[in-house]
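Architecture and fold: a report
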Protein chains: 2
Amino acid sequence: MSVMAELKVKNMEEFAAKSGVSRPTVSKYFNDPKSVRATTRERIEKALELYEYRPNPYAVNQNRRLTKNIGIVVPYVGDPFFAEVARRLEWRCIEEGYLPTTFSSHGSPDHEVEILDLLQSMRPAGVLLAPIGRESDRSHMEAFCKEVPTVLVDANIEGIGAAFIGSDNFQSMSLMVDYLCRSGEPPCLFEMPPVNPNANKRRQAYSEAMDRLGHEPSVIRVEGSGWDFEAIGHREGLKVLEEGRLTSKTVLCSNDRLAIGFLSAAYEAGHKVGITDDCSLRVAGHDDHPFSRFTCPSLTTAAQNYDSIANFSVETLCELIADEGSNRLRRETLFDNKLVMRASA
Amino acid sequence: MSVMAELKVKNMEEFAAKSGVSRPTVSKYFNDPKSVRATTRERIEKALELYEYRPNPYAVNQNRRLTKNIGIVVPYVGDPFFAEVARRLEWRCIEEGYLPTTFSSHGSPDHEVEILDLLQSMRPAGVLLAPIGRESDRSHMEAFCKEVPTVLVDANIEGIGAAFIGSDNFQSMSLMVDYLCRSGEPPCLFEMPPVNPNANKRRQAYSEAMDRLGHEPSVIRVEGSGWDFEAIGHREGLKVLEEGRLTSKTVLCSNDRLAIGFLSAAYEAGHKVGITDDCSLRVAGHDDHPFSRFTCPSLTTAAQNYDSIANFSVETLCELIADEGSNRLRRETLFDNKLVMRASA
DNA sequence: ATACAAAATTTACGCGCGTAAATTTTTCAA
DNA sequence: TTGAAAAATTTACGCGCGTAAATTTTGTAT
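None of these values were measured; they are calculated from a predicted model.

Topic: the overall build of chain A
Along chain A, the regular secondary structure elements total 12 helices and 14 strands. Counting only C-alpha atoms and orienting by the principal axes, one finds that chain A spans roughly 80 × 45 × 30 Å. Considering chain A as a whole, with its 345 residues, one finds that 55% of them fall into the buried category. Summarising the internal contacts of chain A: among those between residues at least 6 apart in sequence, 70% fall at separations of at least 24. Only carbon and sulfur atoms are counted for the fraction: they give 49% of the accessible area of chain A, which is about 15,400 Å². Computed over 40 positive and 49 negative side-chain charges, the separation of the two mean positions in chain A equals 7 Å.

A short note on the interface of chain A and chain B
Contact residues are listed per partner, giving 38 residues for chain A and 38 residues for chain B. Between chain A and chain B lies a buried interface of about 3,500 Å² when both sides are counted; carbon and sulfur atoms form 65% of it. At the boundary of chain A and chain B, one finds 2 salt bridges. Between Arg 54 of chain A and Asp 117 of chain B there is a salt bridge, and its shortest N-O distance comes to 3.3 Å. Scanning the region where chain A abuts chain B turns up 7 residue pairs in polar contact (both at pLDDT 80 or more). Mapped by element, the contributors of at least two residues to the side of chain A that touches chain B are α4 (57-63), α5 (80-95), β4 (99-104), α6 (109-121), α10 (229-242) and α11 (256-268) of chain A. For the side of chain A that touches chain B, the residue count by class is 19 nonpolar, 12 polar and 7 charged.

Quick word on the protein's contact with DNA strand C
If you check the shell around DNA strand C, you find 26 residues, and the closest are Thr 40 and Asn 63 of chain A together with Met 12, Arg 23 and Ser 27 of chain B. Among the atoms of DNA strand C lying within 4 Å of the protein, the sugar-phosphate backbone contributes 60%. In the environment of DNA strand C, a phosphate oxygen lies 2.8 Å from a nitrogen or oxygen atom belonging to the side chain of Thr 25 of chain A. For the surface near DNA strand C, the elements supplying multiple residues, two or more each, are α2 (23-31) and α4 of chain A together with α2 (23-31) and α4 (57-63) of chain B. Here the residues of the surface near DNA strand C are counted per class, giving 9 nonpolar, 10 polar and 7 charged.

Remarks on the nonpolar core
Formed by 136 residues in total, the largest nonpolar core has its most connected members in Leu 128 of chain A together with Leu 128 of chain B. Listed in part, the 36 residues of the second largest apolar core include Leu 116 and Val 127 of chain A together with Leu 116 and Phe 144 of chain B.

A short note on the protein's contact with DNA strand D
Neighbouring DNA strand D are 26 residues, the closest being Ser 27 and Asn 63 of chain A together with Ser 22, Thr 40 and Asn 63 of chain B. Each atom of DNA strand D within 4 Å of the protein was assigned to sugar, phosphate or base; sugar and phosphate come to 61%. In the model, a base nitrogen of DNA strand D is placed 2.4 Å from a nitrogen or oxygen of the Asn 63 of chain A side chain. Within the side chain of Arg 37 of chain B, an N or O atom sits 3.1 Å from a sugar or linking oxygen of DNA strand D.

So, the relation of the copies chain A and chain B
Expressed as a screw transformation, the operator carrying chain A onto chain B has a rotation angle of 180° and an axial translation of 0.1 Å, and the superposed copies differ by an RMSD of 0.2 Å. Taken together, the rotation and translation relating the two chain copies correspond to the operation of a two-fold axis. Taking the C-alpha atom as reference, chain A places Cys 296 of chain A closest to the rotation axis, 2.9 Å from it. Comparing interface residues between copies, 100% of those in chain A also lie at the interface in chain B; the contact surface is shared.

So, the pairing of strand β5 (residues 126-129) of chain B
Residues and elements named next belong to chain B. Here β5 shows no split at all, with Gly 126 and Leu 128 on one side and Val 127 and Leu 129 on the other all buried. The pairing of strand β3 (residues 69-74) with β5 spans 4 bridges and is classified as parallel. The residue of β5 that forms the bridge with Gly 71 is Val 127. Here β5 pairs with strand β6 (residues 150-153) via 3 bridges, running parallel. Residue pairing across strands places Leu 128 opposite Val 151, the latter belonging to β6. Running through helix α7 (residues 138-147), the crossover from β5 to the neighbouring parallel element β6 is right-handed.

Notes on the sheet that holds strand β7 (residues 163-167) of chain B
In sheet architecture, strand pairing relies on hydrogen bonds along the backbone and comes in two forms, parallel and antiparallel. All names here are of chain B. The sheet built from 6 strands is open, its strands ordered β4-β3-β5-β6-β7-β13 with parallel pairing. Every other strand in the sheet has two partners, leaving β4 (99-104) and β13 (331-335) as the edge strands with one partner each. Strand-to-strand twist across the sheet, computed as the mean angle between neighbouring axes with direction ignored, equals 15°. Direction of pairing for β6 relative to β7: parallel, over a ladder of 3 bridges.

Criteria and thresholds
- Residues numbered from 1 in each chain as written.
- Chains lettered and ligands numbered in written order.
- Predicted model: local features only at pLDDT ≥ 70, side-chain atom pairs only at ≥ 80, totals over all residues.
- Heavy atoms only, no water.
- Helix = DSSP H or I, 4+ residues; strand = E, 2+ residues; numbered from the N terminus.
- Buried < 20%, exposed > 50% of the residue type's maximum accessible area, 1.4 Å probe, protein only.
- Contact = heavy atoms within 4.5 Å.
- Areas by Shrake-Rupley, 256 points an atom, 1.4 Å probe, with all protein chains shown as cover.
- Lys, Arg positive; Asp, Glu negative; His and termini not counted.
- Charge placed at Lys NZ, Arg CZ, Asp CG, Glu CD.
- Buried area = accessible area lost by both parts, 1.4 Å probe.
- Salt bridge = Lys/Arg side-chain N within 4 Å of Asp/Glu carboxyl O.
- Polar contact = N/O pair within 3.5 Å; in protein donor to acceptor, adjacent residues only side chain to side chain.
- Nonpolar A, V, L, I, M, F, W, Y, C, P; charged D, E, K, R; others polar.
- Near = heavy atom within 4 Å.
- Core = buried A, V, L, I, M, F, W, Y, C linked by side-chain atoms within 4.5 Å.
- Least-squares fit on C-alpha atoms with pLDDT ≥ 70 in both.
- Pairing = 2+ DSSP bridges.
- Right-handed = clockwise from strand over helix to strand, strands pointing away.
- Axes fitted to C-alpha atoms, helices over the stretch in contact; angles between N-to-C directions.

Structure follows, in structure tokens:
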């Protein structure tokens, strides 16, 4: 091992000179070390030990026919659910040899289109897009998806993108409603104005499941906009409890963040939540938000299959990239959720 | 308004041809519209209405003497505290006319140095770096900071970066200990092995404050590593409670995430937490984590001044960039925290 | 040793843009 | 009107790299 201070070399030209081969050969080497002769490879790798050099990824991607860039867009990183999704997507992209860059729309449709514009000039090989949803600029997104291979994640927007990967809200809501009815009073649904199709699907699935079991569905739609779901759940939960608008002692929230807010409202209102006899309310959520196991009581919820969703999303995108322009049918893939029974319901 | 479909133009050359001026003039225009003659400006802007064109930001930044790029690095976006910090930093950078890109080290020091390498080839005008802390590769970071103007945020690393902006842990811990002693039993400190200097400072500040008030400090250091603070707080909290190792009925946690975990442990162990007479424990945290107002009970904590920290960090970086290489003294700026009294203590 | 195809390398050019230097246009005083 | 300085624009070149085409080297059969 050379103890010599490694000298930094600023570009491929200089490094090629040091290693004694031409620059394009060095370029080939970095693209695929096996594509150069063994003797050449040795010379390059010997130089690599003496001099510190790595190709500038941005310059590389400006000139490649097809970049190794992948854009990841989530609607709101402040939401730990999406932070977790983004993290897993990033990781899988790196595993596949890509260079992911993650963006958050911060809940703003305007910012979402700006990100799309920025991404376009990045010439990504593909994009993993978890759209804001209902408020997203559909036409802009449609134009974008025509230019760059895009896989939609989490929230579906009909006809947009080359594929959609999400989870099966009907399966999970059915599972959840079954469980709640079996173990106690049939649930009412606590929801806010939907930001994306998932919320709508969940409401629909809830109603169907209740019907199927011979119970009257009861949806409590509260007001609120933006991405501060906990605050909405808290504020509106307090109102609902005070005004006695709760139609069941079992409250199924349309997602975990709303449930977390509702739990805090119930606590403040003096309710004890849980499945034990001394409890006056049961509360369940949806998603298995990273912190939902640490609520008081811990939250019963339908766990999205983070692993499968991230894996399959990236795999689908890779296939799409490999297939170039051969635009096949748009496919929608839904993964099953798992019922996670904890203390709250 | 022209209803004509705007034609996309792919590069500055083409657009310059459409507008009837030379490419470099168009380049000047996009750098500063006022730097071209009024008549020329009109011709360009007329073309801009007919054709859709925006300079490729990545190509721009490859050639600029000084980029408009700013890198933002946080240790872990999955932590809503850092997600919030990142969001505010991003916003302020955009306001100042920069192009921020946010990265998360995902709690891995290796990934942190990879991000630093990537950033370097991005040739950013400056970097806002919230380091992982104790495990960060100090020498690598030092080398990086010599090349690009860097402002450290949240976690200080002695002598590294051109400035540090954080919050005053002594002030907040003193405030908190004062309050807790005044209102009940003096607190013990619940902490995990420190990932960064803040935890150490907080312990030190806790001890000093206790001394000053004539109480015996009592630190409960639990085991755990990684960035799943809630899980550590929960697991170790359960142990501590079971084994009766708690030295006070008032538990001051070294951060909110740990407190959230501890709260869930206390709940499971059958404790009621809060300031009312029927409670057996009081729990406080630190940071004012975005969700700490929605715990059960809501968490009493020391709120970091997100606004001031984000604003001052970006302002400091902008000054640094403006001053070019005139390396002045490294400055450390600490903002005061506010005591947020909620239901838990 | 010789010929010839296959593999590897080098030459030459392009990507989309910034910028110093050279040229043109404008401004304004005499 | 003329002249020169000032301002604006254009020319020419470079950034760090990929890649098609041209050239050289290698491997194989004769």
